[in-house]
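Okay, here's what each chain looks like letter by letter:
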Amino acid sequence: MNAYNLGVVIAVRKYRADDGARSVAVKIGKPEKMPDHSDYYCPFEIDGIGGGGIDHACGVDAIQALDLAMKKIGVILNCSPEAQAARLSWDGGGDHLGLPIPDSCKDAK
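All values derive from a computational prediction rather than experimental measurement.

Draft legend 1. Broad picture of the pattern of salt bridges. In the structure shown here, the tally under the stated rule is four salt bridges. Between Asp55 and Lys72 there is a salt bridge, with its nearest N and O atoms 3.1 Å apart. With Asp55 in strand 5 (residues 54-59) and Lys72 in helix 1 (residues 62-78), the pair connects residues that are 17 residues apart, well separated along the chain. Owing to a relative accessible area of 24%, Asp55 belongs among the partly exposed residues under this scheme. Given a relative accessible area of 32%, Lys72 falls into the partly exposed group.

Draft legend 2. Inspection of the pairing of strand 2 (residues 22-29) at higher detail. Strand direction decides the pairing type here: strand 1 (residues 9-17) and strand 2, joined by eight bridges, are antiparallel. Its bridge partner lying in strand 2, Arg16 is registered against Ser23. When strand 2 meets strand 4 (residues 40-47), the two strands line up antiparallel, connected through four bridges. Bridge assignment links Ala25 to a residue of strand 4, and that residue is Asp47.

Conventions adopted
Residues numbered from 1 in each chain as written. Predicted model: local features only at pLDDT ≥ 70, side-chain atom pairs only at ≥ 80, totals over all residues. Heavy atoms only, no water. Salt bridge = Lys/Arg side-chain N within 4 Å of Asp/Glu carboxyl O. Helix = DSSP H or I, 4+ residues; strand = E, 2+ residues; numbered from the N terminus. Buried < 20%, exposed > 50% of the residue type's maximum accessible area, 1.4 Å probe, protein only. Pairing = 2+ DSSP bridges.

Right under this line is the structure:
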């Protein structure tokens, strides 16, 4: 169970799954200092793919937490069955989902 809240949403991106029949929304919350540590966390939510709920990434500062959250979202989306079957798209389009993914995960697609 995740105890993090989404908090203030600083970014949203909408994707289309299954040729537009389904909407997938990604919301990224404002990075915050962890309550019991000097590091930061950046909460995010992916609605429409996977188990849903709020997840997060941690970093030594707010920028690293945001960077790692975007990479984690990129991995989750790119490894989803919808993306693997080329059934996930967004208006920025092309052959990518517009999020960074680590080099170690690029072969997964």
